[in-house]
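# Analysis of the macromolecular model
Each chain, written out:
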Amino acid sequence: MIIITVIFMTSLPPKQKHDHHTLKFPDNFLWGAATSAYQVEGNNSYSDWWDWEVQGKLPASGIACDQYNRFEQDFDLVKNLNHNAHRLSIEWSRIEPKDGEFDHHEIEHYIKLLKVLKSLKITVMLTLWHFTLPKWVADIGGWENGQTVKYFERFVKRIAPELGEFVDMWVTLNEPGVYVYQGFVERVWPPAKKSFFGQVKTILNFASAHKRVYKYLHKAFPKKEVGIANNVQSFESYHKHSVAEQVAVIITDIITNHLFYFLTRGAHDFLGLNYYFHVRFKQGEGLMPEVTAASNESRDVSDLGWEIYPEGLFGVLEDLSDDLPIYITECGIASTNDDRRNRFLITYLHEVYRAIKSGINVKGFFYWSLIDNYEWHRGFEPRFGLIEVDYKTLERRIRPSALVYTDIIQHNGIPHSLLRFIGHTVQAEDVLEKRYREISKEIKESQKN
Ligand code: FCB
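About the thresholds
- Residues numbered from 1 in each chain as written.
- Predicted model: local features only at pLDDT ≥ 70, side-chain atom pairs only at ≥ 80, totals over all residues.
- UniProt positions renumbered as here; feature names shortened; annotations may be inferred.
- Helix = DSSP H or I, 4+ residues; strand = E, 2+ residues; numbered from the N terminus.
- Rg over C-alpha atoms; globule rule 2.2 N^0.38 Å.
- Buried ≥ 20, exposed ≤ 12 C-beta atoms within 10 Å, placed from the backbone.
- Contact = placed C-beta atoms within 7 Å.
- Near = placed C-beta within 6 Å.
- Nonpolar A, V, L, I, M, F, W, Y, C, P; charged D, E, K, R; others polar.
- Core = buried A, V, L, I, M, F, W, Y, C linked by C-beta atoms within 7 Å.

The chain is annotated in an unreviewed UniProt entry as Beta-glucosidase. Comment text from UniProt for the chain, heading Sequence similarities (unreviewed entry), reads "Belongs to the glycosyl hydrolase 1 family."

Here it is in structure tokens:
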């Protein structure tokens, strides 16, 4: 009998060990969040965007999150949440409200602000242009006019020597392609113009602006990396065997994800990727079938209707990876349901982890956004923040997802316990349990000091 039992037991497969390890990210990985000046500062009244607001063509941004005055408080939160990096931008229209007139007071403001980040030992990624232009630049035709390239270069050459010592990485331009799409195709942003040649000129001017500024920054700050933040999207065909859909995928992918890099090849120290979209092309019926983006109706979407599709992030990372390091310069969800943000963080970061495991050199992740803010033509309704902003009192409230992110940062990876978020209806408190209380306590105490 004993012999039989022994034979039986030894013939059983070894008990599988469940892997409880933290999914570790590389050492020195940058963990942070991103914002842009116009969306958080408030009162950027010398810009083209503001001018449109005054004309009633766009929702009013007013004092936005008043970060212009509250940056110290916000950066303390950055530190308390354990972020080791932060991406932010400066507002050209503040610094140069009139052609060639630079406002010293505003330059001092940005120096002060960056000094605070540096004193907190935060790695600073600074964006030099994030969608808005000084009104005087827009009046001469904005990016459609080649002069703007020279004006932008003059601006950067004036401001970079003042700010450079507090900046670790430069982003010259944010999402040139999105700007062209919203301004010339959708026409919901300035310049809201229907002009094919306008689009082409704008893109070429962006490329030339980036190359010039890259060259200058690279020489002036040889130790600091320079790049752009490009909106990249995951494209797929609805039907596997539809040639028309496949062609749509290839063409759109080239234009959206590769064209700008091609036009500016050799002028990047890193690839900055902003990832939000997954698009499936669907062919309609008829002789000359139109191929359009399929509706997201049946999909899991954010409050803005943007599909939640973490696998797409892996796909674009794989597709774009080459010799250059990659930073995910923006990635986030608009949702008033914070549990969804927890799941978002875990599932998207899990894809980043997989990409790193498969040899792709991803060096940082910036969640969009640190705080709720002015979401361009959509106003204040979309809630992207790790931190909630009460727009009546401007009070900041740390959302539970911010603590989940902190837990990840403190582990420099995704602790196994957090993988439970992948199931639905799980709340931060359930998963973090004791950790949740500990992190909240740590933050409260550091805020008191
Ligand atoms: C990106 C923008 C950023 C923000 C997010 C939601 O395209 O760069 O300013 O609006 O989308």
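Let us now look at the overall build of the chain. When you go through the chain residue by residue, the secondary structure sums to 16 helices and 13 strands. For 449 residues, the compact-globule estimate of 2.2 N^0.38 gives 22 Å, and the chain sits close to it at 23 Å. Judged by the C-alpha coordinates and their principal axes, the chain covers about 95 × 70 × 45 Å. Residues counted as buried form 45% of the 449 residues belonging to the chain. Pairs at least 24 residues apart make up 77% of the contacts formed inside the chain by residues separated by at least 6 positions.

Right, let's talk about the site of the ligand for a bit. In the vicinity of the ligand, the contacting residues are Ser 36, Gln 39, Asn 174, Glu 175, Val 178, Asn 231, Asn 274, Glu 330, Trp 368, Glu 375, Trp 376 and Phe 384. Looking at the shell around the ligand residue by residue, the classes come out as 4 nonpolar, 5 polar and 3 charged.

Among the nonpolar cores identified, the biggest contains 114 residues, and Leu 126, Ile 328 and Val 352 are the most heavily contacted of them. Here the element with the most residues in this core is helix 13 (residues 338–357); it accounts for 8 residues. Those residues within four positions of Val 352 in sequence are excluded, and the remaining contacts are Leu 313, Ile 328, Val 362 and Phe 365. Listed in part, the 6 residues of the second largest apolar core include Phe 235, Ala 248, Val 249 and Val 291.

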